[in-house]
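Structural features, examined
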Amino acid sequence: MSNQQPLTSIVGGTGKTGRRVSERLQSSGRRVRISSRRTDPPFDWNASATWAGAVAGCDAAYVTFYPDLAFPGAAEKLGAFAELAMAAGVDRLVLLSGRGEPQAELSELAVRAAAPRCTVLRCSWFAQNFSEHSLLGPVLDGVIALPAGDVSEPFVDLDDVADVAVAALVEPGHAGATYELTGPRSITFAEAAAEIAIASGRRVDYVPVTETEFVGGAVAGGMPVDEAEALADVFAHVLDGRNSSATADVAMILGRPARDFRDYARAAAATGVWSDAAAKAS
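Figured I'd write up the structure that's included with this text. Predicted model only: the values in this text are computed from it and were never measured. (Residues numbered from 1 in each chain as written. Predicted model: local features only at pLDDT ≥ 70, side-chain atom pairs only at ≥ 80, totals over all residues. Heavy atoms only, no water.)

A tally of helices and strands in the chain yields 13 helices and 10 strands. In summary, the chain has a C-alpha radius of gyration of 19 Å against a globular reference of 19 Å for 282 residues, a match within 12%. A principal-axis box enclosing the C-alpha atoms of the chain has dimensions of 60 × 40 × 35 Å. When burial is assessed residue by residue, the chain has 48% of its 282 residues classed as buried. Of the contacts formed within the chain by residues at least 6 apart in sequence, a portion of 78% connects residues at least 24 apart. Accessible surface, the chain as shown: approximately 12700 Å² in total, 53% of it carbon and sulfur. Within the chain, the 35 negative side-chain charges are centred at a point lying 7 Å from the centre of the 24 positive side-chain charges. (Helix = DSSP H or I, 4+ residues; strand = E, 2+ residues; numbered from the N terminus. Rg over C-alpha atoms; globule rule 2.2 N^0.38 Å. Buried < 20%, exposed > 50% of the residue type's maximum accessible area, 1.4 Å probe, protein only. Contact = heavy atoms within 4.5 Å. Areas by Shrake-Rupley, 256 points an atom, 1.4 Å probe, with all protein chains shown as cover. Lys, Arg positive; Asp, Glu negative; His and termini not counted. Charge placed at Lys NZ, Arg CZ, Asp CG, Glu CD.)

The next point concerns the side chain of Ser-244. Within the secondary structure, Ser-244 sits in the loop between helix 10 (225-238) and helix 11 (249-254). Among the polar contacts listed, one links the side chain of Ser-244 to the backbone oxygen of Ser-152, at a separation of 2.9 Å. Every residue in contact with Ser-244, bar those within four places of it in the chain, is listed here: Val-151, Ser-152, Pro-154 and Ser-186. (Polar contact = N/O pair within 3.5 Å; in protein donor to acceptor, adjacent residues only side chain to side chain.)

All right, on to the sheet that holds strand 4 (residues 92-98) then. Pairing is parallel across the open sheet formed by 6 strands, whose spatial order is 2-1-3-4-5-8. Of all strands in the sheet, those bounded by a partner on one side alone are strand 2 (31-35) and strand 8 (178-181). Adjacent strand axes in the sheet meet at a mean angle of 20° when their direction is disregarded. Two elements, strand 1 (residues 7-11) and strand 3 (residues 60-63), share 4 bridges in a ladder whose sense is parallel. Paired with Ser-9 across the strands is Ala-61, a residue of strand 3. Together, strand 1, strand 2, strand 3 and strand 4 form the strand contacts of helix 1 (residues 16-27), whose direction differs from that of strand 1 by roughly 165°. (Pairing = 2+ DSSP bridges. Axes fitted to C-alpha atoms, helices over the stretch in contact; angles between N-to-C directions.)

Here we take up the environment of Glu-23. Along the chain, Glu-23 turns up in helix 1. Measuring from C-alpha to C-alpha, the distance between Glu-23 and Gly-13 comes to 9.6 Å, with 10 residues separating the pair along the chain.

On to the nonpolar core, then. For soluble globular proteins, nonpolar side chains are generally found buried alongside one another. Counting 61 residues, the largest nonpolar core has Phe-130, Leu-146 and Phe-261 as the members making the most contacts within it. When residues in this core are grouped by element, the largest group, 6 residues, is from helix 10. Sequence-distant contacts of Phe-130, defined by excluding residues within four places in its chain, comprise Leu-135, Leu-136, Val-139, Ile-144, Phe-155, Phe-189, Ala-192, Ile-196, Phe-261, Tyr-264 and Trp-274. Formed by 27 residues, the second largest nonpolar core is a distinct cluster that contains Val-32, Ala-60, Ala-162 and Leu-169. (Core = buried A, V, L, I, M, F, W, Y, C linked by side-chain atoms within 4.5 Å.)

Glancing now at the packing of helix 1 against helix 7 (residues 158-170). Describing two packed helices takes the angle between their axes plus the distance from one axis to the other. Contact geometry for helix 1 and helix 7: axes closest at 9 Å, N-to-C directions at 55°. Accordingly, the angle class assigned to the pair helix 1 and helix 7 is oblique. Pair helix 1 / helix 7 crosses with right-handed handedness. Across the interface between the two elements, Lys-16, Thr-17, Arg-20, Val-21, Arg-24 and Leu-25 of helix 1 pack against Leu-158, Asp-159, Val-161, Ala-162, Asp-163, Ala-165, Val-166, Leu-169 and Val-170 of helix 7. Its residues assigned to classes, the contact of helix 1 with helix 7 shows 9 nonpolar, 1 polar and 5 charged. (Parallel < 35°, antiparallel > 145°, perpendicular 65-115°, else oblique. Left-handed = near helix turned anticlockwise from the far one by under 90°. Nonpolar A, V, L, I, M, F, W, Y, C, P; charged D, E, K, R; others polar.)

This paragraph deals with the packing of helix 8 (residues 189-200) against helix 12 (residues 261-270). Where helix 8 contacts helix 12, the two axes come as close as 9 Å, and the packing angle between them is 40°. The angle between helix 8 and helix 12 falls in the class oblique. The hand of the helix 8/helix 12 crossing is right-handed. In this structure, helix 8 contributes Ala-192, Glu-195, Ile-196, Ala-199 and Ser-200 to the contact, and helix 12 contributes Phe-261, Arg-262, Ala-265, Arg-266 and Ala-269. Partitioning the contact of helix 8 with helix 12 into residue classes produces 6 nonpolar, 1 polar and 3 charged.

The next point concerns the pattern of salt bridges. Scanning the model with the defined rule gives 20 salt bridges in all. Notably, a salt bridge pairs Arg-20 with Asp-159, separated by 3.0 Å at the nearest N-O pair. Residue Arg-20 is located in helix 1, and its partner Asp-159 is located in helix 7; the two are separated by 139 residues in the primary sequence. Under the relative-accessibility criterion, Arg-20 is labelled buried at 7%. The residue Asp-263 makes a salt bridge to Arg-266 at a minimum N-O spacing of 4.0 Å. Pair noted here: Asp-263 and Arg-266 are both in helix 12, with a separation of 3 residues, about one helical turn. Each member of the salt-bridge network shares a partner with another, and the members are Arg-19, Arg-20, Arg-24, Glu-132, Asp-157, Asp-159, Asp-160, Asp-163, Arg-256 and Arg-259. (Salt bridge = Lys/Arg side-chain N within 4 Å of Asp/Glu carboxyl O.)

As structure tokens, this is what we get:
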């Protein structure tokens, strides 16, 4: 019998959460297979022929879907992938999902139909969206324009999400569970912008816009119109107050408090990601 460590598939392993999950598993001596559009061979959700290689020989899998589980066609693709993964011998599957997204829940159901023991991580807005993703440019420009009104959101830190994902992948007791992962308190986007401004020392304002205005700005910035419209539709569903309450799931699973947005902002600012040099280079 082989003494080799189990192999975990990380689908979307070069992304914000996948990268963190991979690093944690590897640092503990576990083997991982990272699959994404940028790996060789590449993994493409629009090309099912690329899926089998991601899970062959794997005991567990952490799965993220691009661009979003709530987008049209996601449920069908995820259901088919989960079926393939189970047939390949994957015993433990952890799915990254969004909190309060009805269409994302359809994707969850499709995965659970093939993998009933799947663990689902429903996340609130990632704090790191302001420093590692679509909102970094607006922060550096000083204006965050979103169709969010004055709705509050319990932003969750990606390091907490990754720690929970690893727990679900390697520890007992998480099979079939659905967790809602949030930060410890809910703040508005205006308050988030103010926290970033204090931490970074630069002016950052939040400007509420309509969905139409958001789509126009996103398209002007290079986003495909269908993706921008689908994203605006997701915002309309999740930024209506339904997700404003914080949960204790992170603390329950990890045995420590979830990271506060203020602490995230201070740590991000210390990396220089919001510095004047970064703004000039963008």
